[in-house]
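Notes for the structure review
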Amino acid sequence: MGQRTPLYDLHVALGAKMVDFGGWDMPLHYGSQVEEHHQVRQDCGVFDVSHMTVVDVAGAQAEAYLRRLLANDVARLGEVGKALYGVMLNVAGGVIDDLIVYRTASGYRLVVNAATRAKDLAWLQAQAEGFVVALTERDDLAMLAVQGPNARDKCAELVTPPRAALIRELPPFHGLAEGDWFIARTGYTGEDGLEIMLPAGEAPGFLNDLVGAGIAPAGLGARDTLRLEAGLNLYGQDMDETVTPMAANLAWTIAWQPAERDFVGRAALEAQRAGGGAETKLVGLVLEERGVLRAHQVVRVAGLGEGEITSGSFSPTLGKSIALARVPAGTGERAEVEIRGKWYPVRVVKPSFIRHGKALI
Amino acid sequence: MSKTPAELRYAASHEWARLEQDGSVTVGITDHAQEALGDVVYVELPEVGKALAAGEQAGVVESVKAASDIYAPLAGEVLAVNEALADAPEQVNEDPYGAWFYRLKPANAADLEQLLDAAAYQAGCDA
């Protein structure tokens, strides 16, 4: 038996098919993964993301510590409530994990992945050496991601007036505390929506309210196809410690300026940049024929060599198969993928297929 | 709870087989199988005319989640395939015993008797 979130019993009562995910028993779907996917794109759905790891960073040197730890720069978070996405790197420039940072009244709040929890916490501790910081894992909190074009409106109707006001006023990529809840306008689906952290004991009641109001519970299956359509990397699949952010379509999360900020991995990234950049890049693939692209299928690029699909599935929104793939840096607009011994032509695109319900390819 | 019609025969690899009036055998995948697969988005069918051995791979069914091989529950020659599944693979979820995959001319009609009956197949699924 794996670890359970405070919402486990409710998932089972809602008919979820439970699966193991990084040591956690999580809902894969509640009947139809594709239906849940459409619900989020067209209306609103709710995911239990309580398995993710929340760490509060406080102390006089919290900012200095995070400016050393992360390739993105928390000095950009000019005021309480702002958030940024980024990666923490090892000294070789490899991605240890991706995360989101919120600036809070008492410091910062980090949300890192579930499957990487142990190594992340060890790394956070190790890097804290020499800094006046206090790290507190917040396993007393549950987290719900309510995502979709109607997510904020529907949520606002179910919470206290001050929380409703906050939900209506929060700009994108901001998060603020309201009492012992933390409400953020963030997510990982390519849609507008909220991520709400709240005391574990209040989570089943709130999820019940959301579902009662007609918000579809959605599982990891839909979460995976939504983030894939949005071109968002899944740690451990599309990136890991063997690739730099430049090779993972995350160059935009590297804050090169100011040049004197010495974040972990900086020297390695600069060496790669000076050497002409990464040898591979992460691209999107679209299969125009019938079939399904899957992780680890081989990609062949004429004249350049081979690559590999890192995430692949059927895109419910596009009605065809899409993938993320790591290919030689010079790859152009066409490639081929081997599916069960046969080669299929694929279109190579920017790895972002859908945003706010609209096709980008 | 998945459905397992009593009038059909089954392979442990989750195909159902139905003997038709003309002696041919229609093959599909079971309710249990479609439920385990989740939303089916692609079906690859065998070529008409192909001679399949019992247990030989006869195609592929892919859900959003994963690809899964389908097998020939008994030996025979492929007489027809259900082309409609190419455009509407979701029929496999909606009506697993209506959404047939292919029809075989069995090499030996008695082979059908070797397959599991509904009770035995269901017992295997529940185990």
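Thresholds applied
- Residues numbered from 1 in each chain as written.
- Chains lettered and ligands numbered in written order.
- Predicted model: local features only at pLDDT ≥ 70, side-chain atom pairs only at ≥ 80, totals over all residues.
- Helix = DSSP H or I, 4+ residues; strand = E, 2+ residues; numbered from the N terminus.
- Rg over C-alpha atoms; globule rule 2.2 N^0.38 Å.
- Buried ≥ 20, exposed ≤ 12 C-beta atoms within 10 Å, placed from the backbone.
- Contact = placed C-beta atoms within 7 Å.
- Nonpolar A, V, L, I, M, F, W, Y, C, P; charged D, E, K, R; others polar.
- pLDDT = per-residue confidence, 0-100.
- Pairing = 2+ DSSP bridges.
- Axes fitted to C-alpha atoms, helices over the stretch in contact; angles between N-to-C directions.
- Arc of directions from axis to C-beta.

Some words on the overall build of chain B
A count of helices and strands for chain B gives 4 helices and 9 strands. Going from the N terminus to the C terminus, chain B shows its helices and strands as β-β-β-α-β-β-β-β-β-α-α-β-α. At 13 Å, chain B has a C-alpha radius of gyration in line with the 14 Å of a compact globule built from 127 residues. Seen along its three principal axes, the alpha-carbon backbone of chain B occupies a region of about 35 × 30 × 25 Å. Across the 127 residues of chain B, 44% fall into the buried class. Contacts in chain B between residues far apart in sequence, at least 24 positions, make up 65% of those at least 6 positions apart.

Concerning the overall build of chain A
In terms of regular secondary structure, chain A is built from 9 helices and 21 strands. In summary, chain A has a C-alpha radius of gyration of 20 Å against a globular reference of 21 Å for 361 residues, a match within 12%. By the burial criterion, 47% of the 361 residues in chain A qualify as buried. Sequence-distant contacts in chain A: of pairs separated by 6 or more residues, those separated by 24 or more amount to 66%.

What to know about the interface of chain B and chain A
On the side of chain A, 13 residues touch chain B, which itself brings 10 residues to the contact. For the side of chain B that touches chain A, the secondary structure elements donating two or more residues are β4 (40-44) and β6 (57-63) of chain B. In terms of residue class, the side of chain B that touches chain A is built from 6 nonpolar, 1 polar and 3 charged.

Some remarks on the confidence of the model for chain B
Per-residue pLDDT for chain B averages 95, and the proportion of residues at 70 or more is 99%. Reported confidence for the predicted complex is 0.87 by ipTM and 0.94 by pTM.

Side note on the pairing of strand β2 (residues 15-19) of chain B
Residues and elements named next belong to chain B. For strand β1 (residues 9-10) and β2, the ladder comprises 2 bridges, and the chain directions are antiparallel. Within β2, the position partnered with Y10 by the bridge is W16. Counting the residues in the hairpin turn of β1 and β2 gives 4 residues, including H14, whose phi is positive at 80°. Of the pairings in the sheet, the one linking β2 to strand β3 (residues 25-29) comprises 5 bridges and is antiparallel in character.

Some words on the environment of G124 of chain B
All names here are of chain B. Its place among the elements puts G124 in helix α4 (residues 118-126). In this structure G124 comes out as partly exposed when scored by C-beta crowding, with 13 C-beta atoms within 10 Å. Once the C-alpha coordinates of G124 and H14 are considered, the two residues, 110 residues apart in sequence, prove to be 10.0 Å apart.

Quick look at helix α8 (residues 220-229) of chain A
Residues and elements named next belong to chain A. Where burial is concerned, most of α8 is hidden: 8 out of the 10 residues are buried. Listed as buried for α8 are L220, G221, A222, R223, T225, L226, L228 and E229. At the C-terminal side of α8, G231 shows a positive phi close to 75°.

So, the sheet that holds β3 of chain B
The strands making up a sheet associate through hydrogen bonds between their backbones, and the pairing can be parallel or antiparallel. In spatial order, the strands read β1-β2-β3-β9-β8-β5 (chain B); together these 6 strands make up an open sheet with antiparallel pairing. Both outer strands of the open sheet, β1 and β5 (51-52) of chain B, are each paired with one neighbouring strand and no more.

Structural notes on the sheet that holds strand β18 (residues 334-339) of chain A
Residues and elements named next belong to chain A. The antiparallel closed barrel is built from 6 strands, whose spatial order is β14-β17-β16-β15-β18-β19. Between one strand axis and the next, the sheet turns by 40° as a mean value, whatever way the strands run. In the sheet, strand β16 (residues 305-315) pairs with strand β17 (residues 320-328) via 7 bridges, with the strands oriented antiparallel. Opposite E308, over in β17, you have R326 as the bridge partner. Across the sheet, α8 lies against β16 and β17, angled at about 125° from β16, the strand it touches most.

A word on helix α3 (residues 62-69) of chain A
Because each turn of an α-helix spans 3.6 residues, side chains separated by three or four positions in sequence point in the same direction. Residues and elements named next belong to chain A. Restricting attention to buried positions, one finds in α3 the residues A62, Y65, L66 and L69. Taken around the axis of α3, the buried residues stretch over an arc of 90°, which confines them to a single face. Here the buried face of α3 lies against β4 (53-58), β5 (83-89), β6 (95-104), β7 (107-112) and α4 (117-128).

Quick word on the pairing of strand β2 (residues 24-29) of chain A
All names here are of chain A. The buried fraction of β2 amounts to 5 of the 6 residues, a majority that puts the element mostly inside the structure. Examined bridge by bridge, strand β1 (residues 17-21) and β2 share 5 bridges and lie antiparallel to one another. Of the residues in β2, the one forming a bridge with K17 is H29. Between the end of β1 and the start of β2, which pair antiparallel, lie 2 residues, with G22 showing a positive phi angle near 55°.

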